[in-house]
Amino acid sequence: MKSFASRIVTWQQRHGRHTLPWQATRDPYRIWLSEIMLQQTQVATVVPYFERFVARFPDLAALAAADEDDVLALWSGLGYYSRARNLHAAARAIVTRHGGTFPAQPDLIARLPGVGRSTAAAIAALAFGRTCAILDGNVKRVLARHGGIAGWPGEKRTETALWALAESLLPRIGIEAYTQGMMDLGAMVCTRSQPDCASCPVSADCIARKQGRVSELPT
């Protein structure tokens, strides 16, 4: 059996999402913007907001130079307005701290206002090809089910176990497709209710684990 990561990559290439407006680009500005907008918000809701936002603020410099009221006006209706304020503050921080160049290292990205460890890793992987693990809500669900990790994901012990599992499964190549694939799998197949296990590329692992056939799991 192929590795976990290689199956996720193959599945994403065949069945994942490829036509969202922030895909098919390595522009960290657009990837960052999409990741912030997608926090606690559905993709279908985000798409028109994203398109209007980049039409008004096409790059990092334009956002950094904008008035906060203009940023909030474009965000109106999307909710969780602290995201917009942090986005604006982060754009200005990139200008002052990094000379207007988006940092590529996940630890530096994570220091920006409104950016946590998982979001920073997603940006670093999708924009810069950095090999780092993500752990958003969808990915937590995928890994908890796949790894048989019980407990509330917000509990420190459970979250630590999930981060360790996420790190252990990273691919040596194809981090962009793998990262997108993990997000797609959680959103499209391994859903909170009524998961489509028959369409899951790694469901055989779950079956083997439940049946105690751990030796059959790929490394």
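Scroll up a little and you will see the structure.
Summarised in this report is the structure supplied together with it. Keep in mind the model is a prediction, meaning the values are calculated, not measured. (Residues numbered from 1 in each chain as written. Predicted model: local features only at pLDDT ≥ 70, side-chain atom pairs only at ≥ 80, totals over all residues. Heavy atoms only, no water.)

Section: the overall build of the protein
Piece 1. Summing up its helical and strand segments, the protein has 12 helices and zero strands in all.
Piece 2. Shown N-terminal to C-terminal, the secondary structure of the protein runs as helices and strands in the order α-α-α-α-α-α-α-α-α-α-α-α.
Piece 3. Compactness check: the protein gives a C-alpha radius of gyration of 18 Å against a globular reference of 17 Å for 219 residues, within 12% of the reference.
Piece 4. Principal-axis analysis of the C-alpha atoms gives the protein an extent of 60 × 35 × 30 Å. (Helix = DSSP H or I, 4+ residues; strand = E, 2+ residues; numbered from the N terminus. Rg over C-alpha atoms; globule rule 2.2 N^0.38 Å.)

Quick notes on the packing of aromatic side chains
Piece 1. In this structure the tally under the stated criterion is six aromatic pairs.
Piece 2. Their ring planes at 70° and their centres at 6.4 Å tell us that Phe4 and Tyr178 sit as a pair that is edge-to-face. With Phe4 in helix 1 (residues 4–15) and Tyr178 in helix 11 (residues 175–188), the pair connects residues that are 174 residues apart, well separated along the chain. Neither Phe4 nor Tyr178 differs from the other in exposure class; each is buried.
Piece 3. Taking the centre distance of 5.2 Å and the plane angle of 65° together, the rings of Phe53 and Phe57 count as edge-to-face. Here Phe53 and Phe57 have matching classes, each one buried.
Piece 4. Chaining the aromatic ring pairs together yields one cluster made of Tyr29, Trp32 and Phe102.
Piece 5. Across from the ring centre of Tyr49, 4.7 Å away, lies the NZ or CZ of Arg52, which sits over that ring. (Phe/Tyr/Trp six-rings, centres within 6.5 Å; stacked < 30°, edge-to-face > 60°. Buried < 20%, exposed > 50% of the residue type's maximum accessible area, 1.4 Å probe, protein only. Lys NZ or Arg CZ within 6 Å of the ring centre and 35° of its normal.)

Describing empty space enclosed by the protein
Piece 1. The full count for this structure, using the stated rule, is one cavity of 30 Å³ or more.
Piece 2. Its volume calculated, the largest cavity comes out at about 60 Å³.
Piece 3. Taken together, Cys132, Ala133, Ile134, Val139, Leu143, Ala166, Leu170, Tyr178, Thr179 and Met182 form the lining of the largest cavity.
Piece 4. Contributions of two or more residues to the lining of the largest cavity are made by helix 9 (137–147) and helix 11.
Piece 5. Classifying every residue of the lining of the largest cavity gives nine nonpolar, one polar and no charged. (1 Å grid on protein atoms, 1.4 Å probe; cavity = no way out; pocket = protein on both sides within 12 Å on 5 of 7 lines; lining within 4 Å. Points joined across faces, edges and corners; volume = space filled by probe spheres on them. Nonpolar A, V, L, I, M, F, W, Y, C, P; charged D, E, K, R; others polar.)

Topic: the layout of surface pockets
Where empty space is left in the structure can be found by rolling a water-sized probe over the atoms.
Piece 1. If you add up the space inside the largest pocket, you get close to 1,100 Å³.
Piece 2. Around the largest pocket, the lining is made up of 37 residues, and of these Arg17, Leu38, Asp136, Asn138 and Met183 lie nearest the centre.
Piece 3. Of all the secondary-structure elements, those providing two or more residues to the lining of the largest pocket are helix 2 (28–37), helix 8 (117–128), helix 9 and helix 11.
Piece 4. Looking at the lining of the largest pocket element by element, the count peaks at six residues for helix 11.
Piece 5. The class makeup of the residues in the lining of the largest pocket is 13 nonpolar, 16 polar and eight charged.

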